[in-house]
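If you want the building blocks of each chain, they are given just below.
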Amino acid sequence: MTFETSIESLPNTSSITIRKFKSLGINTYYDLLNYFPNRYEDYSLITKINKIQVGETVTITGKIVEAKNQYTRSRVTIQKVVVKDDTGTIEINWFNQPYLIGLFKTGELISVAGNIKLFGSKILLEPKEYEVGIQRIHTGRLVPIYPEKKGLSTKTTRQKIDSIVKQISNTGYQVCETLPKELISLNNLMGEEMAYKTIHFPDSRSMADKARERLAFDELFYIQLANDQVKKEWKDEQVKNKFELNDNYELLIKRFIDELPFKLTIDQKKVIKEIISDLKKISPMNRFLQGDVGSGKTIVAAIACYLSFLNGYLSLIMAPTEILANQHYESIKQLFYKYKNIRVVLITGSTKNQNLQDQIDKAHIVIGTHALLSKKNHFKKVGLVVIDEQHRFGVNQRAVLKEKTLNPHLLTMTATPIPRTVALTLYGELDQSYIEEMPKGRQLIKTFLIPKNKRNDGYRWIKKQIKIEGAQVFIVCPLIEESETETLKSVKAVKIEFESIKNIFPEFRLGLLHGKIKSAEKQKIMSDFKDHKIDILLSTPVVEVGIDIPGATIMIIEGAERFGLAQLHQLRGRVGRSDKQSYCLLFSENLSEKTIKRLNFFCKNNLGVRLAEFDLQNRGAGNIFGTEQHGFVNLKIANLADFELISKTKKAVEYFVGKYKIEEWEELEKAIEKYKGEKISRD
Ligand code: ADP
Ligand code: MG
């Protein structure tokens, strides 16, 4: 065996189980060994039957002296099993698993782990796990509990992993160390082979912790080293179309900025400087710009496009949705409206294909969705690609660009607040820019938490705001199912909600928006809302990214407790886009003390990054981006809130690249290869 051995070689394993593993992306022994337990059950207390005490969790081992199905009137079947060791007997009951009796032959040895309970005057063992014989895989030890996905039971997973661990021991297969010895001793790490065995079958909790630390160290080390390598590879590349910044261009850019109806913020100026300095280089820019909703990223991108235009190149701007692409088109056109010689073109799924190529050929700025690249469009002389609302533009997408013989400067932007430590760890291959300061004169959005008993007051207040102030209202409902996209069930739920909202607000014009509505209709609804033909727009979180409706001043979020703070923040950012006071009301029926604390923190804080950091500390990394994980490396074991380990591994990477060449570390090179490839985007 090796790490690369296919899981099809697992002994005594049905094709169904193999298929289930594969559907989880587990194809090799290595993959399976990297499927880590969430936690352990402690069945390590092995007792003689006469020593058991009520309330204990124990493992007992003995001979089966009786095993039979007992049928009850209530259709429950009881599997009644009596086990005897040299000190006594105990009865164990399973329920509704009649097949067990076929497995339990009298006279055979069995180990059972479970809780000792008193039923009336009878002491019973309430079984949690069993195994025939004394294998000590499922009982009599700290037993690993695996995530149960795709119908894979934790017991099956455990058994298969045990079989690999045993094969490693029996064949003398050496699990290779990927890290240099000094790093292991400097960081006081457990050896790799030991860590793999121990994480699954630890002798103690402290050993399990050590194993976890080692494997988490590996993971963070690989990610950061992979990023470092990618960054170096990109440095060695050359853009196809080089930029120049002569005095004349500089003057024109200055004029463009001076003509804006507002003054740039200090952060905007700083970022523009960073970008221009990148654009002057021969190696491609790979910059990641993070800034809250409304912080003014578009103008920064526009200036980069302008320099691209001055150099005679085409710029592409890509957004994740058609609505956003439309919006970019409107605002970019607006920004350049005095510049009749700059042609801005919008291409989306709804664009007629007539003369498309001709339009592209004549354009200076092409705006569209990400499909722009996958279509059969040809782009000549692309100088710059701007990607909005995405965390990362990865290696794979760069490859797509290259296939189109493009190797342009790249600017990716996101309004998703990402804690800096996280961004630097996960996106270390990108140069990072931040706009933290909001343009002057922005009003803070007043945010309130509305508990169940205040709901009607809330509705009354909203009605007044619509009638007297002409306010426009967003109502966002959470997806009722945890899923990346909207399921039919979720859509149905939002439709039901829509009916009840109609009853509450019969006097107003309502609109409904969800993911299953066709794109053209969606745009019609959005533009109706923008033109104030709709007072209240009910929607699922699909409207999350970047919509600009200046007239909307009230954001209602239903089921607020179900959203991460960063996501709530994005939703809140849909309002407060004019000089009018805006409001955000969090409706929640389900308020625990912890939720109240979280949501109150949200009410009092307006900086996205602070909110993301709060969630990272309090709810873990999984919640930073809600259920979506777009473009986000799925960490297998490391915790992004573990700043100490992040900093340790960062130092280790610096040490490594300062001292060694990756080519001389074959195993390590193999290990990080995957992390280079994983940098794919949300689509
Ligand atoms: P986002 O970062 O969310 O993409 P936008 O670029 O859409 O934000 O900017 C939001 C609004 O703020 C736009 O209407 C834009 O014209 C305006 N804006 C941008 N920069 C400034 C500034 N420095 N001062 C005032 N308004 C600005
Ligand atoms: Mg934007």
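As the structure is a computational prediction, the values presented were derived from the model and not from experiment.

### Focus on the site of ligand 1
In step 1: As a structural note, the neighbourhood of ligand 1 is formed by 15 residues, with K263, G294, K297, T298 and R442 the closest of them.
In step 2: At 3.1 Å, a backbone N or O of G296 approaches an oxygen atom of ligand 1.
In step 3: One nitrogen or oxygen atom from the side chain of T298 is found 2.7 Å from an oxygen atom belonging to ligand 1.
In step 4: Protein contacts shield 74% of the accessible area of ligand 1, which totals 570 Å² for the unbound molecule.

### Notes on the packing of aromatic side chains
In step 1: Applying the stated criterion to the full structure yields 29 aromatic pairs.
In step 2: Here W94 and Y130 contribute two aromatic rings whose centre-to-centre distance is 5.8 Å and whose plane-to-plane angle is 90°, an arrangement assigned as edge-to-face. In this pair, W94 sits in strand β4 (residues 88-95) while Y130 sits in strand β6 (residues 122-132), placing the two residues 36 residues apart along the sequence.
In step 3: Of the residues examined, W94 reaches a relative accessible area of 7% and is grouped as buried.
In step 4: By relative accessible area, Y130 is classed as buried at 17%.
In step 5: Taken together, F217, F221, F656, Y660 and W665 form an aromatic cluster joined through their ring pairs.
In step 6: Above the face of the Y130 ring, K155 is positioned so that its terminal group lies 3.6 Å from the ring centre.
In step 7: Here the guanidinium or amino end of R572 rests over the ring plane of F602, the centre of that ring lying 3.8 Å away.

### A few points about the nonpolar core
Looking at soluble globular proteins, one finds that nonpolar side chains tend to be buried together.
In step 1: Of all hydrophobic cores here, the largest spans 68 residues; its most connected members are L32, F221 and L668.
In step 2: The contacts of L668, once residues within four sequence positions are left out, are T178, L179, F221, Y222, L225, F656 and I662.

### Considerations on the sheet that holds strand β11 (residues 365-369)
In step 1: Here 7 strands make up an open sheet; going across it, the order is β10-β11-β9-β12-β13-β8-β14 and the pairing parallel. The outermost strands of the open sheet, each flanked by one partner alone, are β10 (344-347) and β14 (431-435). Each adjacent strand pair in this sheet contributes to an overall mean axis angle of 20°, direction not counted.
In step 2: Sheet analysis places strand β9 (residues 314-319) next to β11, joined by 5 bridges and oriented parallel. Paired with L316 across the strands is V366, a residue of β11.

### Here's the deal with the packing of helix α9 (residues 266-279) against helix α10 (residues 297-310)
Between two packed helices, both the angle of their axes relative to each other and the distance between the axes serve to describe the pair.
In step 1: Following both chains from N to C, one finds α9 and α10 inclined at 30°, their axes separated by 10 Å at the closest point. Looking at the two axes, α9 sits roughly parallel to α10. Relative to α10, the crossing made by α9 is right-handed. Two secondary-structure elements touch here, α9 through Q268, V271, I272, I275 and L279 and α10 through I299, V300, I303, A304 and L307.
In step 2: Of the residues belonging to the contact of α9 with α10, the class tally is 9 nonpolar, 1 polar and no charged.

### What about helix α8 (residues 247-258)?
In step 1: Taking 1.5 Å of rise per residue, 12 residues should cover 16 Å, and α8 covers 16 Å from first to last C-alpha, within 8% of that figure.
In step 2: Along α8, the residues that are buried comprise Y249, L252, I253 and F256. The arc that holds every buried residue of α8, seen down its axis, measures 100°, which confines them to one face. Turned more than 90 degrees away from the buried face of α8 sit D247, L251, K254 and D258, all of them exposed.
In step 3: Buried-residue contacts for α8 involve α9, α10 and α11 (322-335).
In step 4: One side-chain oxygen of the residue at the start of α8 lies 3.2 Å from the amide nitrogen of N248, identifying that residue as N246.

### Quick notes on the domain arrangement of the chain
In step 1: On domain assignment, one finds that the chain holds domain 1 (45-140), domain 2 (247-435) and domain 3 (446-605).
In step 2: Spacing between the C-alpha centres of domain 1 and domain 3 amounts to 54 Å.

### Digging into unusual backbone geometry
Trans peptide bonds make up the majority, and among non-glycine residues the majority have a negative phi.
In step 1: A positive phi is found at N12, a non-glycine position, where the angle reads about 50°.
In step 2: Looking at the element boundaries, N12 is found in the segment before α1 (15-23).
In step 3: The exposed category is assigned to N12, whose relative accessible area is 77%.
In step 4: Even without glycine at this site, K150 takes up a positive phi of about 50°.

### Some points on the pairing of β10
In step 1: Burial along β10 is two-sided: the residues V344 and L346 and V345 and I347 are all buried.
In step 2: Where β10 meets β11, 4 bridges bridge the pair, whose relative direction is parallel. Bridged to V345 within β11 is V366.

### Topic: a negative patch on the surface
In step 1: A cluster of like negative charges, contributed by E663, E664, E666 and E669, occupies part of the molecular surface.
In step 2: Its place among the elements puts E666 in helix α23 (residues 666-677).

### Looking at α10
In step 1: Here α10 spans 20 Å end to end across 14 residues, near enough to the 20 Å set by a 1.5 Å rise per residue.
In step 2: Among the 14 residues of α10, 13 are classified as buried, and the element is accordingly described as predominantly covered.
In step 3: Residue G312 follows α10 closely and has a positive phi angle near 85°.

### Section: a nonpolar patch on the surface
In step 1: Together, V54, L118 and I123 make up a nonpolar patch on the protein surface, roughly 250 Å² of accessible area in all.
In step 2: Its location among the elements puts L118 in strand β5 (residues 109-119).

### Some words on the packing of helix α4 (residues 154-171) against helix α6 (residues 192-200)
In step 1: Between α4 and α6, the shortest axis-to-axis distance is 10 Å and the interhelical angle comes to 150°. Of the two elements, α4 crosses α6, and the hand of that crossing is left-handed. Residues I161, V165, I168 and S169 of α4 pack against E193, K197 and H200 of α6.
In step 2: Per-class residue counts for the contact of α4 with α6 are 3 nonpolar, 2 polar and 2 charged.

Cut-offs applied
- Residues numbered from 1 in each chain as written.
- Chains lettered and ligands numbered in written order.
- Predicted model: local features only at pLDDT ≥ 70, side-chain atom pairs only at ≥ 80, totals over all residues.
- Heavy atoms only, no water.
- Near = heavy atom within 4 Å.
- Polar contact = N/O pair within 3.5 Å; in protein donor to acceptor, adjacent residues only side chain to side chain.
- Areas by Shrake-Rupley, 256 points an atom, 1.4 Å probe, with all protein chains shown as cover.
- Phe/Tyr/Trp six-rings, centres within 6.5 Å; stacked < 30°, edge-to-face > 60°.
- Helix = DSSP H or I, 4+ residues; strand = E, 2+ residues; numbered from the N terminus.
- Buried < 20%, exposed > 50% of the residue type's maximum accessible area, 1.4 Å probe, protein only.
- Lys NZ or Arg CZ within 6 Å of the ring centre and 35° of its normal.
- Core = buried A, V, L, I, M, F, W, Y, C linked by side-chain atoms within 4.5 Å.
- Contact = heavy atoms within 4.5 Å.
- Pairing = 2+ DSSP bridges.
- Axes fitted to C-alpha atoms, helices over the stretch in contact; angles between N-to-C directions.
- Parallel < 35°, antiparallel > 145°, perpendicular 65-115°, else oblique.
- Left-handed = near helix turned anticlockwise from the far one by under 90°.
- Nonpolar A, V, L, I, M, F, W, Y, C, P; charged D, E, K, R; others polar.
- Expected span 1.5 Å × (residues − 1).
- Arc of directions from axis to C-beta.
- Domains from an automatic or database assignment.
- Patch = residues over 30% accessible without salt bridge, like charges linked within 9 Å, V, L, I, M, F, W, Y side chains within 5 Å.
- Salt bridge = Lys/Arg side-chain N within 4 Å of Asp/Glu carboxyl O.
- Lys, Arg positive; Asp, Glu negative; His and termini not counted.
- Charge placed at Lys NZ, Arg CZ, Asp CG, Glu CD.

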